[in-house]
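Single-letter residue listing:
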Amino acid sequence: DYAEAHYNLGKVHQDQGFMEEAKEILNKALSINPNYAEAHFTLGKVHQDQGFMEEAIKAYKKALSLKPDYPHAHLNIGNIFNYQGKLDNSLEEYKKVILLNPYHANAWVNAGEALERYNKLELLEVWLKKAFQVFDVVPSDIKVLKSRLFWRTNNKKEASKILLDIDINTCLLYTSDAADEED
């Protein structure tokens, strides 16, 4: 009857790709402690990994009802909405993450990529301007987005200048599953 032990075991099963076992164990943790926000979040991640997006959103929202300042729940809901083609909904979730943590690079990057994907270049320009103002040291992924924006708006010289300033080793785009990890 130790919810934390079940939660940790469920995470291990999730990390190893045993999703059905992870769900069963996480549900056991939640039967012991229904107010365990992290277990609801991880159950949401398991649902998301399995492609059950509505169940994932429900689990993330339950986590948020218990822990309203849970940025990764908002981030993952935003990612699902983005995947579903719901740009406005995804942007609202990413903005919630940034309100909780203005330095959450994944939220800035994911929103920027969504704006670019939907060809909202004017909004992307405003978004990136804000990002450059927030960070003392601008994350490389945000610089990549700015470079792509310059490229797409035929300002190849500025695009190249930014690319020369990027440290590829610090890019979130090249780390595994960075947008879905918890703090």
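Note that this is a predicted model, so its numbers are computed, not measured.

Thresholds applied
Residues numbered from 1 in each chain as written. Predicted model: local features only at pLDDT ≥ 70, side-chain atom pairs only at ≥ 80, totals over all residues. Heavy atoms only, no water. Salt bridge = Lys/Arg side-chain N within 4 Å of Asp/Glu carboxyl O. Helix = DSSP H or I, 4+ residues; strand = E, 2+ residues; numbered from the N terminus. Contact = heavy atoms within 4.5 Å. Axes fitted to C-alpha atoms, helices over the stretch in contact; angles between N-to-C directions. Parallel < 35°, antiparallel > 145°, perpendicular 65-115°, else oblique. Left-handed = near helix turned anticlockwise from the far one by under 90°. Nonpolar A, V, L, I, M, F, W, Y, C, P; charged D, E, K, R; others polar. Expected span 1.5 Å × (residues − 1). Buried < 20%, exposed > 50% of the residue type's maximum accessible area, 1.4 Å probe, protein only. Arc of directions from axis to C-beta. pLDDT = per-residue confidence, 0-100. Phe/Tyr/Trp six-rings, centres within 6.5 Å; stacked < 30°, edge-to-face > 60°.

### Things to note about the pattern of salt bridges
Part 1 of the argument: Tallied over the full model, the rule gives nine salt bridges.
Part 2 of the argument: In this structure, the salt-bridge partner of Lys96 is Glu93, at a minimum N-O distance of 3.4 Å. Placement of both Lys96 and Glu93 in helix α6 (residues 87-100) is noted, with a separation of three residues, approximately one turn of the helix.
Part 3 of the argument: In this structure, a network of salt bridges that share partners links the residues Glu116, Arg148 and Arg152.

### A short note on the side chain of Glu116
Part 1 of the argument: Counting through the fold element by element, Glu116 comes out in helix α7 (residues 105-117).
Part 2 of the argument: Apart from residues no more than four positions distant in its own chain, Glu116 is found in contact with Leu124, Leu145, Arg148 and Arg152.

### Re the packing of helix α3 (residues 37-50) against helix α5 (residues 71-83)
Part 1 of the argument: One can describe the packing of α3 onto α5 by two numbers: an axis separation of 11 Å at closest approach and a directional angle of 20 degrees. In this view, α3 runs roughly parallel relative to α5, as classed from their interaxial angle. For the crossing formed where α3 meets α5, the hand is left-handed. Every residue of α5 that contacts α3 at Phe41, Lys45 and Gln48 is listed here: His72, Ala73, Asn76, Asn79 and Ile80.
Part 2 of the argument: In the contact of α3 with α5, the residues fall into three nonpolar, four polar and one charged.

### A few points about unusual backbone geometry
Part 1 of the argument: The backbone of Asn119 shows a phi angle near 60 degrees, a positive value even though the residue is not glycine.
Part 2 of the argument: Secondary-structure assignment places Asn119 in the loop between α7 and α8 (121-134).
Part 3 of the argument: In the Ramachandran plot, Asn154 falls in the positive-phi region, its phi being about 60 degrees despite a non-glycine side chain.
Part 4 of the argument: Tracing the backbone through its elements, the reader meets Asn154 in the loop between α9 (140-152) and α10 (156-164).

### As for the packing of helix α1 (residues 3-15) against α3
Part 1 of the argument: Relative orientation of the contacting elements α1 and α3 amounts to 20 degrees, with a least axis distance of 10 Å. Considered as vectors, α1 and α3 are oriented roughly parallel to each other. Crossing of α1 over α3 shows left-handed handedness. Only Glu38, Ala39, Thr42, Lys45, Val46 and Asp49 of α3 make contact with α1, whose side of the interface consists of Tyr7, Lys11 and Gln14.
Part 2 of the argument: Residue composition of the contact of α1 with α3, grouped by class: three nonpolar, two polar and four charged.

### As for α1
Part 1 of the argument: Here α1 contains 13 residues, and its C-alpha end-to-end distance of 18 Å stays within 8% of the 18 Å for a straight helix at 1.5 Å per residue.
Part 2 of the argument: Inspection of α1 places Ala3, Tyr7, Gly10, His13 and Gln14 among the buried residues, and these make up the whole buried set. Viewed along the axis of α1, the buried residues span an arc of 125 degrees, placing them on a single side of the element.
Part 3 of the argument: Directly after α1, the chain includes Gly17, whose backbone phi takes a positive value near 90 degrees.

### What about the confidence of the model for the protein chain?
Part 1 of the argument: Model confidence for the protein chain is summarised by a mean pLDDT of 92, while 92% of its residues fall at 70 or above.
Part 2 of the argument: Every residue in residues 174-183 is under pLDDT 50, and counting partners more than four places away or in other chains gives 25 contacts.

### Regarding the packing of aromatic side chains
Geometrically, a pair of aromatic rings is defined through the distance of the ring centres and the angle of the planes.
Part 1 of the argument: One pass over the full model with this rule turns up six aromatic pairs.
Part 2 of the argument: With a centroid separation of 5.3 Å and 45 degrees between ring planes, the pair formed by Phe41 and Tyr60 is classed as tilted. Within this pair, whereas Phe41 is found in helix α3, its partner Tyr60 is found in helix α4 (residues 53-66), the two being separated by 19 residues in sequence.
Part 3 of the argument: Geometrically, the ring pair formed by Trp108 and Phe135 is edge-to-face, given 6.4 Å between the ring centres and 70 degrees between the ring planes. Pair noted here: Trp108 is in helix α7 and Phe135 is in the loop between α8 and α9, with a separation of 27 residues, a long-range link.

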